[in-house]
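Chain by chain, the residues run as shown.
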Amino acid sequence: MSRMNKKNIVAVFATMFMLILSAGCGNQQAQKDNFRVVTSFYPVYITVANITAGVEGVETVNMTEAQTGCLHDYSLTTKDMRTLENADVFVINGGGMESFLEKVSADMPKLAVISASDSDKIVMLKDKQGENPHVWLSVTYAIAQTKKITADLCEKDPSHADAYRKNALDYVMKLEKLREEMHEGLDNLPNKDIITFHEAFPYFAREFKLNIVAALEQEPGVEPSPKEVEETIEIVNKMPTKVIFTEPQYSPAVAETIARETGAKLYALDPIVTGNADENARDDYINKMKQNAAVLKEALQ
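This write-up is about the structure you can find in this document. (Residues numbered from 1 in each chain as written. Predicted model: local features only at pLDDT ≥ 70, side-chain atom pairs only at ≥ 80, totals over all residues. Heavy atoms only, no water.)

1. Topic: the pairing of strand E2 (residues 58-62)
Burial runs high along E2: four of the five residues are buried. As paired elements, strand E1 (residues 35-39) and E2 share five bridges and run parallel to each other. Residue pairing in the sheet places Thr39 in a bridge with Asn62 of E2. Following the backbone out of E1, through helix H2 (residues 42-52) and into the adjacent parallel E2, one traces a crossover that is right-handed. (Buried < 20%, exposed > 50% of the residue type's maximum accessible area, 1.4 Å probe, protein only. Helix = DSSP H or I, 4+ residues; strand = E, 2+ residues; numbered from the N terminus. Pairing = 2+ DSSP bridges. Right-handed = clockwise from strand over helix to strand, strands pointing away.)

In structure tokens form, the structure reads like this:
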């Protein structure tokens with residue numbers, strides 16, 4: 001092969017390499033140009049996914065694995081920090097759910113944070129652990145959270161404000177219809193006393209006029225003492241309708257023990273903290289709340 005041919009081949013390969021490199025840089029630039037919204041965990045992701053659905057140039061990412069559940073004692077991972085480093089805004093539930101927020105603020109002081117529960121429409125309930133953060137399980141508060149996130153997103157990213165507002169209006173209308181249907185099904189139930197797995201449902205109970213007479217665990221994974229189990233057995237034995245509600249994310253072992261002692265029936269209520277963070281997630285809140293309402297109707301009739 002002549003020196004000239006070798007030079008021509010080298011030149012061709014060099015040109016191809018530069019084209020590939022340029023294309024790669026172009027893709028990175030396109031990704032960088034996206035407005036990137038990161039959510040703290042699954043129920044927040046559902047709401048934000050509805051607000052940002054189909055908005056060109058906006059990317060929504062859930063920081064935690066969609067099967068993580070509540071973030072009561074969650075510790076940030078290296079992967080989480082990398083995800084937040086590329087965020088334009090971080091949307092959280094608030095109300096104390098994200099106990100790691102102080103670390104995020106310290107390490108990334110310039111990261112914009114939207115707290116969905118920081119709304120004048122939301123009145124926080126308190127229990128032995130402090131403020132109860134499970135506000136999304138009230139449909140009314142889920143609507144308030146949607147509006148709060150939308151208002152703040154419009155402020156942080158005004159170029160997409162019209163699209164955010166349109167999507168939010170569509171989602172709020174669906175939530176209002178859901179609330180109406182659930183009230184029709186639950187307001188006139190003959191029995192209102194329920195025993196839940198943990199303190200996830202006080203907002204749900206208040207909205208739909210249910211009375212939580214006991215919770216099996218104060219926090220998931222913290223099993224009740226023998227004395228607390230005995231007290232719950234006494235409560236169940238006095239109930240006109242002996243039912244106990246578990247949660248699909250956690251072991252029903254304690255509930256099964258009490259059921260054997262009392263003859264209570266077990267049902268599952270979903271706090272909607274796990275699922276698949278994909279395009280199908282947008283309907284998950286509504287679908288699972290409808291299922292919760294159906295379970296309650298069956299259990300408390």
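From this point, things continue past the structure.
2. Quick word on the layout of surface pockets
Of the voids in this model, the largest pocket is the one considered here, and its volume is about 240 Å³. Secondary-structure elements contributing two or more residues to the lining of the largest pocket are strand E8 (211-215) and helix H8 (226-238). If you tally residues by element for the lining of the largest pocket, the top one is H8, at four residues. The class makeup of the residues in the lining of the largest pocket is six nonpolar, two polar and six charged. When its volume is computed, the second largest pocket comes out at roughly 210 Å³. Considering only residue class, the lining of the second largest pocket consists of two nonpolar, nine polar and five charged. (1 Å grid on protein atoms, 1.4 Å probe; cavity = no way out; pocket = protein on both sides within 12 Å on 5 of 7 lines; lining within 4 Å. Points joined across faces, edges and corners; volume = space filled by probe spheres on them. Nonpolar A, V, L, I, M, F, W, Y, C, P; charged D, E, K, R; others polar.)

3. Concerning the pattern of salt bridges
Per the counting criterion, the structure on display carries eight salt bridges. A salt bridge links Asp152 to Lys148; the shortest N-O distance between them is 2.5 Å. With a gap of four residues between them, Asp152 and Lys148 both fall in helix H5 (residues 139-156), about one helical turn apart. Three or more residues joined by partner-sharing salt bridges are found here, namely Asp270, Asp284 and Lys288. (Salt bridge = Lys/Arg side-chain N within 4 Å of Asp/Glu carboxyl O.)

4. Considerations on unusual backbone geometry
The phi torsion at Lys209 lies on the positive side, around 60 degrees, for a residue other than glycine. Considering the arrangement of structural elements, one finds Lys209 in the loop between helix H7 (202-207) and E8. For Ile272, which is not glycine, the phi torsion reads 60 degrees and is therefore positive. Looking at the element boundaries, Ile272 is found in the loop between strand E10 (265-268) and helix H10 (284-300).

5. Concerning H2
For H2, a buried count of eleven out of eleven residues is recorded, marking the element as mostly surrounded by other parts of the structure. Looking only at H2, the buried set comprises Tyr42, Pro43, Val44, Tyr45, Ile46, Thr47, Val48, Ala49, Asn50, Ile51 and Thr52. One or two steps after H2, the chain reaches Gly54, where phi turns positive at roughly 70 degrees.

6. Let's talk about the packing of H2 against H5
Where H2 contacts H5, the axes come no closer than 10 Å and their chain directions differ by 55 degrees. Here H5 runs oblique to H2, going by the angle between their axes. The two elements H2 and H5 cross, and the hand of that crossing is right-handed. On the side of H2, the interface is formed by Thr47, Val48, Ile51 and Thr52, while H5 contributes Thr146, Ile149, Thr150 and Leu153. (Axes fitted to C-alpha atoms, helices over the stretch in contact; angles between N-to-C directions. Parallel < 35°, antiparallel > 145°, perpendicular 65-115°, else oblique. Left-handed = near helix turned anticlockwise from the far one by under 90°. Contact = heavy atoms within 4.5 Å.)

7. Notes on the sheet that holds E1
The strand order across the open sheet built from four strands is E2-E1-E3-E4, with neighbouring strands paired in parallel fashion. Edge strands, defined here as strands with exactly one partner in the open sheet, are E2 and strand E4 (112-115). Going across the sheet, the axis of each strand differs from the next one's by a mean of 25 degrees, ignoring polarity. Sitting on the sheet, H5 is in contact with E1, strand E3 (89-92) and E4, with an inclination near 160 degrees to E4.

8. Looking at the nonpolar core
Phe204 and Tyr285 are the most contacted members of the largest nonpolar core, which totals 75 residues. Take this core: its biggest share by element is nine residues, from helix H6 (residues 161-186). Among residues more than four places away in sequence, those in contact with Tyr285 are Ile46, Trp136, Leu137, Ser138, Val139, Ala142, Tyr171, Leu175, Leu178 and Ile272. In terms of nonpolar packing, the next biggest core, distinct from the first, is built from twelve residues, Ala214, Val229, Val236 and Ala264 among them. (Core = buried A, V, L, I, M, F, W, Y, C linked by side-chain atoms within 4.5 Å.)

9. A closer look at the packing of H8 against helix H9 (residues 253-262)
Where H8 meets H9, the closest approach of the two axes is 10 Å, and the angle between their N-to-C directions is 50 degrees. Considering their axes alone, H8 and H9 lie oblique with respect to each other. For H8 against H9, the interelement crossing comes out right-handed. For the pair H8 and H9, the contacting residues are Val229, Thr232, Ile233, Val236 and Asn237 in the first and Ile258, Glu261 and Thr262 in the second. The residue inventory of the contact of H8 with H9, partitioned by class, reads four nonpolar, three polar and one charged.

10. Overview of the packing of aromatic side chains
Enumeration according to the criterion identifies seven aromatic pairs in this entry. Judged by centre distance (5.9 Å) and plane angle (65 degrees), the ring pair of Tyr74 and Phe100 falls under edge-to-face. Of the two residues, Tyr74 is situated in the loop between E2 and helix H3 (78-85) and Phe100 in the loop between E3 and helix H4 (101-107); the sequence distance between them amounts to 26 residues. Summarising the aromatic geometry, the rings of Phe204 and Phe208 are spaced 5.0 Å apart at their centres and angled 55 degrees between planes, so their arrangement reads as tilted. In this structure, Phe204 and Phe208 share a single accessibility class: buried. Among the aromatic residues, those joined into a cluster by ring pairs are Phe201, Phe204 and Phe208. (Phe/Tyr/Trp six-rings, centres within 6.5 Å; stacked < 30°, edge-to-face > 60°.)

In short, shape yes, function no, at least from these values alone.
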